[in-house]
Structure formats: C-alpha cells, structure tokens
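# Architecture and fold: a report
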Amino acid sequence: MPGLTATQGLFGCGHPKSGETLVVSGAAGSVGSIVGQLAKAEGLRVIGVVGSQEKADWIINELGFDGAVNYKTDDLSAKLDELVPNGIDVYFENTGGPIQHYVFDRMNAHGRIVVCGMIADYTAETPRPGPSWGDACYQKAPDHSGLHYA
C-alpha cells in the first residue's frame, strides 16, 4: 500500500516535472521515502522533512535526497531558505504540524500540494490551527487545480 499511495499521490496528483523542487514531510516514513525516491528518478530536487539527524542522514546518504529539514532541531525558516531558494513546486504532505506554515510561504505560483496525511493531529485533542487549504489553493494556483488529496 505505501508504494501505491506514493505513486498515485505523486504522479496522479502532484504531476512532477524534471527540474522542479519537491518537499515531502514524513520523508523517512514508508510513503515519504518512496515519494522522494520516485521524484529523484524523475529529475526533481528533493528535500525531506524528518524528526532526527539519523533519519536526515539516511534519506540523504542512502536514498539520495538533496537535503533534509529536521523539524525538531532546525530553524525551519532558515533551513528552508537555504534548501529551497527558488521556492517549492510540489509539496507532499504526510504529517501536518508546524512545517506546513513554512512550506506554504515558499510555494511557487501553480505549485501542487498533495495531502496524504496529517499524522501530527491524529492523536491531538484538538487539531492545530493551520493555513486554510482553500486559501492556499486560490492564492498559489489561480486555476484552482493545485490542491489535491491522495
């Protein structure tokens, strides 16, 4: 199932193009790790969001990702500025949480957001406040096609 989810989400909803930049949250997980490898095979620059240095090392050194953001220890804004200076074309959302705010601010016009999961909120009493998916779609993709659910 993770392979099918990754493949359908990335290609069926994300429509990646060689040379674009993809950010995937939960990058060391079963779906995120496959998304990143598929995107690399398609010629994308791939940045993964992870929760430990060990996971960051794994996705970069073993899976071939171009960079990693550790949401637990990195200055998220500064790290994304460093890793995605030309913005983000595809965001594959597996986790929700605070990283999404920083990613949305860096989405390129006509970028695509694939919402696969929001695991950070699954056990929360109340969901964390987040950006409006509708606002993100209307502001970043005027043709209203940029927000997809896998």
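Refer to the structure printed above.
This text gives an overview of the structure that appears in the document. (Residues numbered from 1 in each chain as written. Predicted model: local features only at pLDDT ≥ 70, side-chain atom pairs only at ≥ 80, totals over all residues. Heavy atoms only, no water.)

### As for the pattern of salt bridges
Counting across every chain of the model gives four salt bridges. A salt bridge links Glu-20 to Arg-112; the shortest N-O distance between them is 2.5 Å. Here Glu-20, found in the loop between helix 1 (2-14) and strand 1 (21-25), pairs with Arg-112, found in strand 5 (residues 107-115); they are 92 residues apart in sequence, far enough to count as distant. Take Glu-20 and Arg-112: they sit in the same class, and that class is buried. Here Lys-79 ties to Glu-82 by a salt bridge, and the two come within 3.9 Å at their closest N and O atoms. Here the residue Lys-79 and the residue Glu-82 both occupy positions in helix 4 (residues 76-83), the gap between them amounting to three residues, near one helical turn. Looking at Lys-79, the relative accessible area reads 21%, which means it is partly exposed. (Salt bridge = Lys/Arg side-chain N within 4 Å of Asp/Glu carboxyl O. Helix = DSSP H or I, 4+ residues; strand = E, 2+ residues; numbered from the N terminus. Buried < 20%, exposed > 50% of the residue type's maximum accessible area, 1.4 Å probe, protein only.)

### With respect to the packing of aromatic side chains
Applying the stated rule across the entire model yields one aromatic pair. Aromatic side chains Tyr-91 and Phe-104 sit 6.3 Å apart centroid to centroid with 90° between the ring planes, which places their arrangement in the edge-to-face category. Here Tyr-91, found in strand 4 (residues 88-93), pairs with Phe-104, found in helix 5 (residues 99-104); they are 13 residues apart in sequence, far enough to count as distant. On the accessibility criterion, Tyr-91 (0% relative accessible area) is buried. Phe-104 sits in the buried class, given a relative accessible area of 8%. (Phe/Tyr/Trp six-rings, centres within 6.5 Å; stacked < 30°, edge-to-face > 60°.)

### Digging into unusual backbone geometry
Phi at His-15 is positive, roughly 45°, even though this residue is not glycine. On the secondary structure map, His-15 appears in the loop between helix 1 and strand 1. Residue class for His-15 comes out partly exposed when judged on its relative accessible area of 40%. Despite not being glycine, His-110 has its phi angle at roughly 70°, a positive value. For His-110, the position within the fold is in strand 5. His-110 sits in the partly exposed class, given a relative accessible area of 45%.

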